[in-house]
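This is what each chain is made of:
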Amino acid sequence: MNPATLIPAADTLTAPWGWFQSLLLLTFPLHLLAMNALLGTVLTALAAHLLPGAPYRRLSHELAKALPFLVAFTVNLGVAPLLFLNVLYGHLFYTSTILMGLFWLAVIPLVIIAYYLLYLYDFKFRQLGNGALCILLLVLAILVTVGFIFSNNMTMMIAPAGWGRWFATPGGTLLNLSDPTLLPRYLHMMIGALAVGGLWAALYASIALKDDPETATAGVRLGMGIFSWLSLLELVEGGWFLATLPPEVQRLFMGGNATATALFVAGLLLALATLVAGFRQRVGLAAGLTVMLLYVMAFMRDTVRTGSLAPYFSLDKVPVTTQWSPLVLFLVTLGLGLAVIAWMLVKVAHCPKEVRE
Ligand code: HEM
């Protein structure tokens, strides 16, 4: 069967695609940052439980207070890229979502359960004892499962050649397991998430816990250790991921396309610089470089999507009927929303510690 016949027509855009693409690439790394902070903080809290000493006990208690907020940020910052993904790639994304509908719908209860467990971990911290370890392990298992579901959908939407399997398995239970890019891509996402999350935990400890230098030092040491060693692993794993990409996509990064090649070189240099900053325990520098690296990686990931879809679809072929008012309304609402969030964060930061707890 010709896979192109299975692809529905793309929806008409109300503004040139570059607008939505820019907004997608601006907002998606924010979701990644929050998701990484969430996964890595769970791992750091878990490691802190296993290490001896009062500073590590206090560290896990402090991290417990941040975790429910990180779930909220991950979910809310996922909504914006979801909107733009639907606008640009809705016809592909909806199709792959339907093929794996059962797993996709499971994301909602899974995230709710993880959220509830993290509130339990925070509010009942002192009573939980070793039960805290079980909670954190369960949450970590749930979050990496959600990540796996996402990676399945993101790889399946760009591989229409496999969609015909639906005729043999129409129950919404298809996964993309035979795709050679799935496992390396998923591991790239998860190892990277846990690494960046370790860095976030170190940053949190160095800023928010500076009144308690022993706990702050324990947090920085543990978080930066997780960050540096996992980043080293990520460098090797990234090579595997690149090697599994379709040859025509690989070629884009190897000189076939100037922008893609520049992104690849910038990504490699930034990754090395980040690694050096990590092993030297330079928290602020590592954080600044990591944000840049994350944006470069998100752009590279988008190149993989565009390159993989090239035989079937390209954004510049989508019809446009210009209608600016929805986009303007969105941008105004976004600006107001960001201003309110900034105001809330300033209020929380200036709030006395007793009130915050
Ligand atoms: C809380 C648990 C979550 C985890 C662990 C998680 C993890 C991930 C991962 C690993 C990816 C990248 C997959 C890949 O490209 O291989 C991803 C992409 C994405 N996530 Fe999340 N996610 C979570 C929740 C959410 C929620 C609740 C939303 C929506 C409200 C969301 C929206 C998105 C979108 C739209 C993308 C793809 C964006 C694009 O392809 O440009 N995520 N997520």
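First, a word on what this report is: a plain description of the structure on this page. (Residues numbered from 1 in each chain as written. Predicted model: local features only at pLDDT ≥ 70, side-chain atom pairs only at ≥ 80, totals over all residues. Heavy atoms only, no water.)

**Digging into the nonpolar core**
Stage number 1. Grouped together as the largest cluster of nonpolar side chains are 104 residues, with contacts concentrated most on Y89, Y121 and F253.
Stage number 2. The biggest single contributor to this core is helix α2 (residues 54–99), with 16 residues.
Stage number 3. Apart from the residues lying within four places of it in its own chain, the contact partners of F253 are L242, L245, A260, T261, F264, M300, T303 and V304. (Core = buried A, V, L, I, M, F, W, Y, C linked by side-chain atoms within 4.5 Å. Buried < 20%, exposed > 50% of the residue type's maximum accessible area, 1.4 Å probe, protein only. Helix = DSSP H or I, 4+ residues; strand = E, 2+ residues; numbered from the N terminus. Contact = heavy atoms within 4.5 Å.)

**Observations concerning the environment of L289**
Stage number 1. Within the element layout of this structure, L289 appears in helix α10 (residues 283–309).
Stage number 2. Residues L289 and L174, 115 residues apart in the sequence, show an inter-C-alpha distance of 38 Å.
Stage number 3. Here L289 is in contact with L270, A273, T274 and A277, once residues within four sequence places are set aside.

**A closer look at the coordination of the iron atom of the ligand**
Stage number 1. Only one protein atom coordinates the iron atom of the ligand: H31 (NE2), located 2.2 Å from the metal.
Stage number 2. When you line up the elements, H31 lands in helix α1 (residues 17–50). (Donors = N, O, S within 2.8 Å, 3.2 Å for Na, K, Ca; no water.)

**Let's talk about a nonpolar patch on the surface**
Stage number 1. Residues W229, L232, L235, V236, V265, L268, L269, L272 and F279 make up a contiguous nonpolar surface patch of about 840 Å² in total accessible area.
Stage number 2. When residues of the nonpolar patch are traced back to their parent elements, those giving at least two are α7 (213–244) and α9 (258–279).
Stage number 3. Top contributing element to the nonpolar patch by residue count: α9, with 5 residues.
Stage number 4. Take L235: it is sitting in helix α7. (Patch = residues over 30% accessible without salt bridge, like charges linked within 9 Å, V, L, I, M, F, W, Y side chains within 5 Å. Areas by Shrake-Rupley, 256 points an atom, 1.4 Å probe, with all protein chains shown as cover. Salt bridge = Lys/Arg side-chain N within 4 Å of Asp/Glu carboxyl O.)

**Topic: the site of the ligand**
Stage number 1. Near the ligand there are 23 residues, and of these H31, S151, R185, R301 and R305 occur at the shortest range.
Stage number 2. Contacts to the ligand include S151, whose side-chain N or O atom sits 2.9 Å from an oxygen atom.
Stage number 3. Here R185 contributes a side-chain N or O atom positioned 2.7 Å from an oxygen atom of the ligand.
Stage number 4. Secondary structure elements with two or more residues in the shell around the ligand: α1, α2, α5 (131–156), α6 (182–208) and α10.
Stage number 5. It is α2 that contributes the most residues to the shell around the ligand, 7 residues altogether.
Stage number 6. Residues of the shell around the ligand, tallied by class, amount to 16 nonpolar, 4 polar and 3 charged. (Near = heavy atom within 4 Å. Polar contact = N/O pair within 3.5 Å; in protein donor to acceptor, adjacent residues only side chain to side chain. Nonpolar A, V, L, I, M, F, W, Y, C, P; charged D, E, K, R; others polar.)

**Some points on the pattern of salt bridges**
Stage number 1. With the rule as written, the count across this model stands at 4 salt bridges.
Stage number 2. The partner of E214 in a salt bridge is R58, with the nearest N and O atoms 3.2 Å apart. Residue E214 is located in helix α7, and its partner R58 is located in helix α2; the two are separated by 156 residues in the primary sequence.
Stage number 3. For E214, a relative accessible area of 51% corresponds to the exposed category.
Stage number 4. A relative accessible area of 33% places R58 in the partly exposed class.
Stage number 5. Counted as one network, the salt bridges with shared partners bring together R58, D212 and E214.

**Thoughts on the packing of α1 against α2**
For any two helices packed against each other, the geometry is given by the interaxial angle and the distance between the axes.
Stage number 1. One can describe the packing of α1 onto α2 by two numbers: an axis separation of 7 Å at closest approach and a directional angle of 160°. Classified by the angle between their axes, α1 and α2 sit roughly antiparallel to one another. α2 is crossed by α1, and the crossing has left-handed handedness.
Stage number 2. Looking at the contact of α1 with α2 residue by residue, the classes come out as 29 nonpolar, 9 polar and 1 charged. (Axes fitted to C-alpha atoms, helices over the stretch in contact; angles between N-to-C directions. Parallel < 35°, antiparallel > 145°, perpendicular 65-115°, else oblique. Left-handed = near helix turned anticlockwise from the far one by under 90°.)

**Notes on the packing of aromatic side chains**
Any aromatic ring pair is given by two values, namely how distant the centres are and how the planes are angled relative to each other.
Stage number 1. Enumeration over the complete set of coordinates arrives at 14 aromatic pairs.
Stage number 2. Between the aromatic rings of Y119 and F123, the centroid separation amounts to 5.4 Å while the plane-to-plane angle is 45°, which identifies the pairing as tilted. Within this pair, Y119 and its partner F123 are both found in helix α3 (residues 101–123), separated by 4 residues, close to a single helical turn.
Stage number 3. Since its relative accessible area comes to 60%, F123 is described here as exposed.
Stage number 4. The rings of F93, Y94, W104 and F150 are connected pair by pair, giving a single aromatic cluster. (Phe/Tyr/Trp six-rings, centres within 6.5 Å; stacked < 30°, edge-to-face > 60°.)

**Observations concerning empty space enclosed by the protein**
Stage number 1. Taken as a whole and judged by the stated rule, the model has 1 cavity of 30 Å³ or more.
Stage number 2. By volume, the largest cavity is sized at about 30 Å³.
Stage number 3. Considering every element that reaches the lining of the largest cavity, the biggest residue donor is α10, with 3 residues.
Stage number 4. Partitioning the lining of the largest cavity into residue classes produces 4 nonpolar, 2 polar and 1 charged. (1 Å grid on protein atoms, 1.4 Å probe; cavity = no way out; pocket = protein on both sides within 12 Å on 5 of 7 lines; lining within 4 Å. Points joined across faces, edges and corners; volume = space filled by probe spheres on them.)

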